[in-house]
Structures are given as structure tokens and as C-alpha cells.
Amino acid sequence: MNKKVVIIGAGSSGRGYLGELLYLDGWNVVYADIDKALTDQLKAKKEFHVFKYSESGEESVVTVKNFEAVNTIEDHSEYIGHLADADLVMTALFPDAFEQAAKDLAEAIHIKRKKDKKNWFTVLLGANYVGLKTDYDALMKQELSDTDMSYYSQHVNMVESIIRRINSMPTEEQYTIDPLSVQGEDLSTLQVNDDVLLSISEESLPSFIILENDTDKCMKTKIWQGNTLHCTLAFMGLAANKTFLYESARDEYIRECADKAFREANLALTKLYGDEIQITEEKMKNTWKEFTDDSVKDWLIRVGRNPMRKLAKNDRFIGPALLCVQNGIMPYFICKGAAHGFLYENANANATSDQDIARLVKDIGIEASISQICGLDITKPDEKIVYDLILKSYQDIVMENNRILSYS
Ligand SMILES: NC(=O)c1ccc[n+]([C@@H]2O[C@H](COP(=O)([O-])OP(=O)(O)OC[C@H]3O[C@@H](n4cnc5c(N)ncnc54)[C@H](O)[C@@H]3O)[C@@H](O)[C@H]2O)c1
Ligand SMILES: O=P(O)(O)OC[C@@H](O)[C@@H](O)[C@H](O)[C@H](O)CO
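Residues numbered from 1 in each chain as written. Chains lettered and ligands numbered in written order. Predicted model: local features only at pLDDT ≥ 70, side-chain atom pairs only at ≥ 80, totals over all residues. Heavy atoms only, no water.

(A) A look at the UniProt feature "domain: Mannitol dehydrogenase N-terminal" (unreviewed entry) in the protein chain. If you check UniProt for "domain: Mannitol dehydrogenase N-terminal" (unreviewed entry), the listed places come out as residues 4-194 in our numbering. Along residues 4-194 the backbone is 40% helical and 28% strand, and the end-to-end C-alpha distance reaches 21 Å. (UniProt positions renumbered as here; feature names shortened; annotations may be inferred. Helix = DSSP H or I, 4+ residues; strand = E, 2+ residues; numbered from the N terminus.)

Shown next as C-alpha cells:
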């Protein structure tokens, strides 16, 4: 009999990456999502398409079938029941959903403890987030009673994984074929911390898993340099009214800035992890080949989405910028990318100031906005350098924009 896996979060990564690989690997997948429109469509259509593009731009399409879908609110008890008897649970969520996911996992753990289930409960955590396991563990501690906590320590294994495949919303053409479709790369592996072997044997794991012994390093070297470059392209591209990532990467000036931001971050990370992670020119060339290619039409609004999260202290700009300063490296281009994030205007008129940084800057000023969003304490010398670099860069961009306007 096929084994059952529940994926919490059936978005681009949940269904378009994890779900697709699990389907090809023969697992019974249950998609659990809070978005009713999405779960209704998954229930009704019973299939979706994943458009994948290889490095050389070749397209392949997988039609994913044989799954169940539950809404985490409307079908709550059915959802918790699935969690409680799944062989494996995976998450593909943004940080603002971690707390709710922890509550739901705690409910399932309570049921398992009451039923005296002695089998291990394995949860593979997925998100672009440095400190993923530590923060989930803390959330679980908050949600569980003492008795459930003791069950948790003996029978629950929460393990970090690295969601790496770039997956985006469909193009208009793909949307017409299938509104549930996802477009992205064809990466067919998932890195998972080898702590997973505490609760599952290697043979019982999905075959596409690659075991890693230091996922914190994997996460930092992903978010604090790859995503730094990616988001610099997004913030600068959006400020220049571009739509797709490849357009931004083909702009010589933007590409140069993102390239230099990556190199600053890479240099800082080598101080942490040694020269073995130093980027080679060949790798850099491949990166630019990939990002200037227009096979995957990745939307800049997706890559730059939720700029406040991305400008937070532990994320893709301030994380590597502080590491640079601590190691005597000036994070000039990282801070330039960050500064462009403060221009981010959400096109949706109903967007809250939580989504619309430009509006917050108008309301409270750039200085307070940088301190508040980036969590920088200007009484600390290292943090003051990063704060100043972002502030000066922002002022420079605004002055330059005004100059262009006044001469045109
Ligand atoms: N898309 C990518 O290229 C990519 C690559 C690497 C990492 N990631 C990371 O993967 C995670 C998911 O990203 P995505 O691109 O799939 O986003 P997405 O917006 O496509 O999907 C997230 C899904 O989570 C659902 N959700 C929100 N709260 C929930 C809850 N409490 N319970 C269940 N479902 C809930 C949303 O309705 C949505 O369908 C993020 O942390 C992202 O940074 C994405
Ligand atoms: O998912 P976010 O919002 O944290 O970041 C947007 C993109 O940079 C990200 O999804 C990348 O596509 C991904 O991290 C590539 O592995």
C-alpha cells in the first residue's frame, strides 16, 4: 500500500515541487491549505499541471493526480485526522503561517498521545527561513501541554528541509490551460537534515531526498546570498517598472548591482564556513545564464513579495549585511538592494501598510522605517553602519529620481 503524506501549504512549492515529486515517487498526497478557493478547485479538478524547464530551456509537463485536498478551517477535523495518521508531514509555508501550523500539529500530537500511538511522527519543515527548526520547536513548546510535550520529545521529529526549486505562478497562457498550474525549474531533489533518520529509515523516505548534516549552513548559504541576489533583482527591477525576473537580469546596471551584492555576501559567508563555499566565476556565469533565460517567466512581484519580511534582521539583506560588517567587509551593494525595497508600492489599492513599505515611509519617514523594519539598533556600531548605508542609498535613489523628473 502507498504511504500517506500530508503537505501543509498547497501553493507553488507545496503542490508544484513537493507534491509533484511525491506523486512521481508513488506517495498518496493530501494537500492541506487555508485558502478555500484553492482547496475547492483542487477537490473539483482532481489534477493540476506542473510546467518544468530544464537548464537548457526544454519544457516538460507533469499532470499531477491521485491526491486528496482538505481545507484547514472548513475540514478541520478531517485535516487533523490526516495529520495524526500520516506516515510523513511536510510544510511549505511562509513565516506568518508557522504559528497556525504549530497549533494544528499540536492538535494532531495530542490525538496521537491520547491513542497511545508509539510510532514516530516526522515533520519535514520547509520555508525560506534561517532558524526554521529552532523557531518551530519554540512554537511547539508554547502549544503543547506538559504531558503532550513529553510525548513530543519521545515520538515527534521535526526536521529542517531546504525548498530550493524556483516555482512561480503560471503565465497567462498556462493559466488558460490550467488555473492551478505552476511553472518552474526541474530540480528533482530535496535536501533534508540527516536527523530525519532518527524517526525514519533511509529506505522508507521519499527517494528524491538528499541527506545533509548541516542544514543551517545550507539555509544561510541559500538565503543570505542566493536570495539576496534574487531579491535585489526584484526590488531594483520593480523600481524600474519591469515585470519578469529575466528582464531585470538582462538590465546591465541591475545585474551588476545584484552580482556585487552576491559577492559581498559570499565573501562574508566564507569567513563563517571557509573557502570551500567561495563562488567560482564559472558558477557565477551559470547563475546569470539561468536568470537571463526567459523559459521560466518568474514574476518580480512574486520574488519581491512581502518586502517587510525580506528586510527583517535575520533575512536576505540584513543577515548578510551584518555578517559583512562583522568581518570588515563593506556591504554597499547589499544595502543598495535593500534600499530599493523601501520604494516597494503594492499595486493592490487595499494593501495594508504591512504590505506597502512606500506608504509606511510616507507616514513615519525613512529613518524610522529602516529602524522598525530592519530591526537595527543604531546605538550598536555594526548595526549603525548597515542603517547608514541603507539610508544614504535610499536618499541617493530619491534624489536621482527627482533629478530625472525635474529635467524631463
Ligand atoms: N516558490 C518558490 O520558488 C520557493 C522556493 C524556495 C522556497 N520557497 C518558500 O516556500 C514557502 C512557500 O512558498 P510558495 O512559493 O509555495 O508560496 P505560495 O503562496 O504559493 O504558497 C503558500 C500556501 O500556504 C497557504 N497557507 C497559508 N497559511 C496556511 C495555513 N495556516 N495552513 C495551511 N496553508 C496555509 C497559502 O494559502 C498558500 O497556498 C515559503 O516559505 C517560500 O519562501 C518558495
Ligand atoms: O519565497 P520568498 O518570498 O522568500 O522569496 C522569493 C524568491 O526569492 C524565492 O521563492 C526563490 O524563488 C527561492 O528561494 C529559490 O530557491
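Next comes the rest of the account.
(B) Main features of the sheet that holds strand E11 (residues 190-193). Read from one edge of the open sheet, 8 strands run E5-E2-E1-E6-E7-E8-E11-E12, paired in mixed fashion. The sheet is open, and its two edges are formed by strand E5 (67-71) and strand E12 (209-212), each paired on a single side. Strand-to-strand, the axes of this sheet are offset by a mean angle of 25°, without reference to chain direction. The pairing of strand E6 (residues 88-91) with strand E7 (residues 121-125) spans 2 bridges and is parallel. Looking across to E7, one finds that Val89 is bridged to Val123. (Pairing = 2+ DSSP bridges. Axes fitted to C-alpha atoms, helices over the stretch in contact; angles between N-to-C directions.)

(C) A look at the site of ligand 2. Looking at ligand 2, there are 13 residues lining it, with Arg164, Lys222, His230, Arg302 and Arg309 nearest. The backbone of Arg164 places a nitrogen or oxygen atom 2.7 Å from an oxygen atom of ligand 2. One of the side-chain nitrogen or oxygen atoms of Asn227 is found 2.9 Å away from an oxygen atom of ligand 2. With the chains in place, 92% of the 400 Å² that ligand 2 exposes on its own is no longer accessible. Those elements that provide at least two residues to the shell around ligand 2 are helix H8 (215-239), helix H12 (300-303) and helix H13 (307-310). The element that contributes the greatest number of residues to the shell around ligand 2 is H8, accounting for 3 residues. (Near = heavy atom within 4 Å. Polar contact = N/O pair within 3.5 Å; in protein donor to acceptor, adjacent residues only side chain to side chain. Areas by Shrake-Rupley, 256 points an atom, 1.4 Å probe, with all protein chains shown as cover.)

(D) Quick look at the nonpolar core. Within the largest apolar cluster, 95 residues are counted, with the highest numbers of intra-cluster contacts made by Phe342 and Ile390. Among the elements that line this core, the one with the most residues is H8, at 10 residues. If you count residues domain by domain, this core takes at least three from each of domain 1 (4-213) and domain 2 (217-401). Apart from residues no more than four positions distant in its own chain, Ile390 is found in contact with Ile318, Cys335, Ala338, Ala339, Phe342, Ile370, Cys374 and Leu376. (Core = buried A, V, L, I, M, F, W, Y, C linked by side-chain atoms within 4.5 Å. Buried < 20%, exposed > 50% of the residue type's maximum accessible area, 1.4 Å probe, protein only. Domains from an automatic or database assignment. Contact = heavy atoms within 4.5 Å.)

(E) Structural detail: unusual backbone geometry. With a phi close to 55°, Asn66 is a non-glycine residue in the positive phi region. Here Asn66 lies in the loop between strand E4 (59-64) and E5. A relative accessible area of 61% means that Asn66 is categorised as exposed. Even without being glycine, Asn241 reaches a positive phi, approximately 60°.

(F) Local environment of the pairing of E5. Most of E5 is tucked away, with 4 of its 5 residues classed as buried. Pairing geometry for strand E2 (residues 28-33) and E5, over 5 bridges, is parallel. Bridge pairing in E5 links Val29 to Phe67.

(G) Structural view of the sheet that holds strand E3 (residues 48-53). Spatially, the 4 strands line up as an open sheet ordered E4-E3-E10-E9, and their pairing is mixed. The sheet is open, and its two edges are formed by E4 and strand E9 (167-168), each paired on a single side. Of the pairings in the sheet, the one linking E3 to strand E10 (residues 182-185) comprises 4 bridges and is parallel in character. By the bridge assignment, Phe51 is partnered in E10 with Gln183.

(H) Representation of the domain arrangement of the protein chain in the model. Domain boundaries assigned for the protein chain yield domain 1 (4-213) and domain 2 (217-401). Here domain 1 and domain 2 have C-alpha centroids that lie 28 Å from each other. Of the residues lining the interface, 26 residues belong to domain 1; the matching set on domain 2 comes to 22 residues. Buried surface at the junction of domain 1 and domain 2, summed over both partners, amounts to about 2000 Å²; 63% is from carbon and sulfur atoms. Across the domain 1-domain 2 interface, the total number found is 0 salt bridges. Our count for the contact surface shared by domain 1 and domain 2 stands at 7 residue pairs in polar contact (both at pLDDT 80 or more). Of the residues in the side of domain 1 that touches domain 2, the class split is 12 nonpolar, 9 polar and 5 charged. (Buried area = accessible area lost by both parts, 1.4 Å probe. Salt bridge = Lys/Arg side-chain N within 4 Å of Asp/Glu carboxyl O. Nonpolar A, V, L, I, M, F, W, Y, C, P; charged D, E, K, R; others polar.)

(I) View of the packing of helix H10 (residues 252-273) against helix H11 (residues 281-292). Running from N to C, H10 and H11 point in directions that differ by 140°, and their axes come no closer than 12 Å. Compared by their axis directions, H10 and H11 come out oblique. Of the two possible hands of crossing, H10 and H11 adopt the one that is right-handed. Between H10, through Arg255, Ala258, Asp259, Phe262 and Arg263, and H11, the contact on the second element is made entirely by Glu281, Met284, Trp288 and Thr292. (Parallel < 35°, antiparallel > 145°, perpendicular 65-115°, else oblique. Left-handed = near helix turned anticlockwise from the far one by under 90°.)

(J) Layout of helix H17 (residues 366-374). Within H17, the full set of buried residues consists of Ile366, Ser369, Ile370, Ile373 and Cys374. Down the axis, H17 shows its buried residues gathered within 100° of arc, on one side only. (Arc of directions from axis to C-beta.)

(K) Structural view of the confidence of the model for the protein chain. Summary statistics for the protein chain give a mean pLDDT of 95 and a share of 97% for residues scoring 70 or more. Across the predicted assembly, pTM comes out at 0.96 and ipTM at 0.99. (pLDDT = per-residue confidence, 0-100.)

(L) Summary view of a nonpolar patch on the surface. Where nonpolar side chains cluster on the molecular surface, the patch consists of Met330, Tyr332 and Ile385 and spans about 290 Å² of accessible area. Assignment of secondary structure puts Tyr332 in helix H15 (residues 332-341). According to the relative accessible area criterion, Tyr332 is partly exposed, its value standing at 40%. (Patch = residues over 30% accessible without salt bridge, like charges linked within 9 Å, V, L, I, M, F, W, Y side chains within 5 Å.)

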